[in-house]
Structures are given as structure tokens and as C-alpha cells.
Amino acid sequence: MEVAAPLLCLAAAVLVWGVLWVWGSWERMTRPEQAGLPGGGSRTLLVTAHPDDEAMFFAPTILGLARLRHQLFLLCFSAGNYYNQGEIRKKELLQSCDVLGIPPSNVMLIENRDFPDDPDVRWDPDRAADVLLQHVEANGIKLVVTFDEGGVSGHSNHVALNAAVRTLQAEGKLPKGCSVLTLQSVNLLRKYLCLLDLPCSLLLARDALFVLTQREAAQAQGRPTARHWEP
């Protein structure tokens, strides 16, 4: 009993510290100024490879940035025609963006042989960088959001977009004041832990973390493109 009491006190202290740490991290990561993100009214460009990427991977980021009053644009590099459903998926992209709060006038979809929806084709990052830069400059973009070097799902088209952004950064071509935010790839276990992954996300988040409210989660689940899967 004499040994158990100090252990219980230690466990209680660790638990309290853990709760306070998670709470402090939550407060830090949910502030508008987290990671030096541009302020409200900033023009943000989400760069995706296929219709459904915006909903499947970026819905929390889109809704979180909308909550911070960012003006959102989306640049999709293909119509997602891998299964010959390009026309359907183009319509669904616009519907999905409408659900997520991106107006049709701010949605740009590229249909170019240089960027086929095909995991076996590696897009030329220099060509993708040129196209991306044109849209950044034309729309006065202050924040570019896209995949990280792992592509989240590992899809080669996703990875190519990250390479394009890194090319622009390395060559100093992005306009002054334009920042980049990439979606962090995680392992399969963390993807399916749901809320149990929150402490890990708070600990490992490198730049920004967006956690949806109940209303935003319901909004994200109303997306129309959820039935498509990565080839």
C-alpha cells in the first residue's frame, strides 16, 4: 500500500499533465494565427489531381480555412477519367465544391494530355509547375495547399503536384508573400484511429491542424464524390 500511493500520485500527475498539454496544443493549433497562416480574406488555392481529392483528403482543411474567412479557389489537374467517368466526375466536382463552400467561378479544371488520370504515368513536375504558377499569379494567391511528398495515398499524380510546388519554391518563382501548406501523409493505422489519433496529431502537427465542428463534419459528409476510389 505504501508503494502504491506514490505510484497513484505519479499516475495522476502524468494524467493531469497530459490533459493540460493536449488542451494547450489544441488552443495553439486552433487559433487563426497558427503557423503564420495568412489572415482572413486571404486568397487560398487548393491544388488537387482528381475530382474527389477535395472531399476525400482536404475537406477538413477547406472548411477550416473557410472558418478563418479565406477566399478559396480550387485547381484540379485532371477530370478523373481513369474509369471513363470524366464527364460525371466533372459535374460531381462542382457539386462537391459547392457543398464545401467553393463557388463554381473559383473552380478550375485542367483537361490536358500532359496530366492523364493514371497512377502509372508520372506527370512532368516542371510542366505542372508552369501551369500552377499561372493560376497563382492570375488569382493573387497568398496560400497554396496541396499534397506532401508522400501524396497521402501514394498516388503518383499526387506526388507530382508536390514536386511541382517544391520546384517553384526551389527556384524562387512563387510571388512574394505566397506560402505553401501540404497535407501530411500518415500510416494506415493512424488513418483509422479517428478521434483516438487526436493526441498524436496534436503532437506531430508541423504547421496547422484543422478539427471539424459537428456541423462542419456533417457538411463534409454531404459531399457527392465519396463513392470514387483511387486506382
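What counts and how
Residues numbered from 1 in each chain as written. Predicted model: local features only at pLDDT ≥ 70, side-chain atom pairs only at ≥ 80, totals over all residues. Heavy atoms only, no water. Axes fitted to C-alpha atoms, helices over the stretch in contact; angles between N-to-C directions. Helix = DSSP H or I, 4+ residues; strand = E, 2+ residues; numbered from the N terminus. Parallel < 35°, antiparallel > 145°, perpendicular 65-115°, else oblique. Left-handed = near helix turned anticlockwise from the far one by under 90°. Contact = heavy atoms within 4.5 Å. Buried < 20%, exposed > 50% of the residue type's maximum accessible area, 1.4 Å probe, protein only. Pairing = 2+ DSSP bridges. Right-handed = clockwise from strand over helix to strand, strands pointing away. Core = buried A, V, L, I, M, F, W, Y, C linked by side-chain atoms within 4.5 Å. Polar contact = N/O pair within 3.5 Å; in protein donor to acceptor, adjacent residues only side chain to side chain. Salt bridge = Lys/Arg side-chain N within 4 Å of Asp/Glu carboxyl O.

An unreviewed UniProt entry lists the chain under the name N-acetylglucosaminylphosphatidylinositol deacetylase, with Bison bison bison given as the organism.

Viewed as axis vectors pointing N to C, helix H5 (residues 125–138) and helix H6 (residues 156–170) meet at an angle of 70°, and their least axial separation amounts to 8 Å. With respect to H6, the axis of H5 lies roughly perpendicular. For H5 against H6, the interelement crossing comes out right-handed. Residue-level inspection shows Pro-125, Asp-126, Ala-128, Ala-129, Leu-132 and Leu-133 of H5 in contact with H6, the latter providing Ala-160, Ala-163, Ala-164, Val-165, Thr-167 and Leu-168.

This brings us to the pairing of strand S4 (residues 143–147). In summary, the side chains of a regular strand alternate between the two faces of the sheet. Buried residues dominate S4, accounting for five of its five residues. Judged from the three bridges that link them, strand S1 (residues 43–48) and S4 form a sheet pairing that is parallel. Bridge pairing in S4 places Leu-45 opposite Val-144. Both S4 and strand S5 (residues 179–183) contribute to a ladder of five bridges, which runs parallel. By the bridge assignment, Val-144 is partnered in S5 with Val-180. Each parallel crossover has a hand, and for S4 linked through H6 to S5 it is right-handed.

Bringing the nonpolar core into the picture now. Core analysis: the largest hydrophobic core is formed by 49 residues, its most contacted members being Leu-45, Leu-74, Phe-77 and Leu-132. Of all elements in the fold, only S1, helix H3 (59–67), strand S2 (71–76), helix H4 (86–100), strand S3 (107–109), H5, S4 and H6 reach the threshold of two or more residues within this core. Considering each element in turn, this core owes the most residues, six residues, to H5. Contact partners of Leu-132, with chain neighbours within four places excluded, come to Leu-45, Val-47, Leu-75, Phe-77, Val-165 and Leu-168.

Position of His-50 relative to the elements: it lies in the loop between S1 and helix H2 (53–56). Within polar-contact distance, the side chain of His-50 engages the side chain of Asn-157 at 2.9 Å.

Time to look at the pattern of salt bridges. Any two side chains of opposite charge can pair if their charged atoms end up close together. Taken as a whole and assessed by the stated rule, the structure comprises seven salt bridges. Between Lys-90 and Glu-87 there is a salt bridge whose closest N-O contact spans 2.8 Å. Here Lys-90 and its partner Glu-87 are both found in helix H4, three residues apart, which amounts to about one turn of the helix. The class for Lys-90 is buried, based on a relative accessible area of 19%. On the basis of relative accessibility, which here comes to 53%, the residue Glu-87 falls in the exposed class. As a salt-bridge pair, Arg-127 and Asp-114 come within 3.0 Å of each other at their nearest N and O atoms. Of this pair, Arg-127 sits in helix H5 while Asp-114 is found in the loop between S3 and H5, placing the two residues 13 residues apart along the sequence. A residue is classified by how much of its surface remains accessible, and Asp-114, at 38% relative accessible area, is partly exposed.

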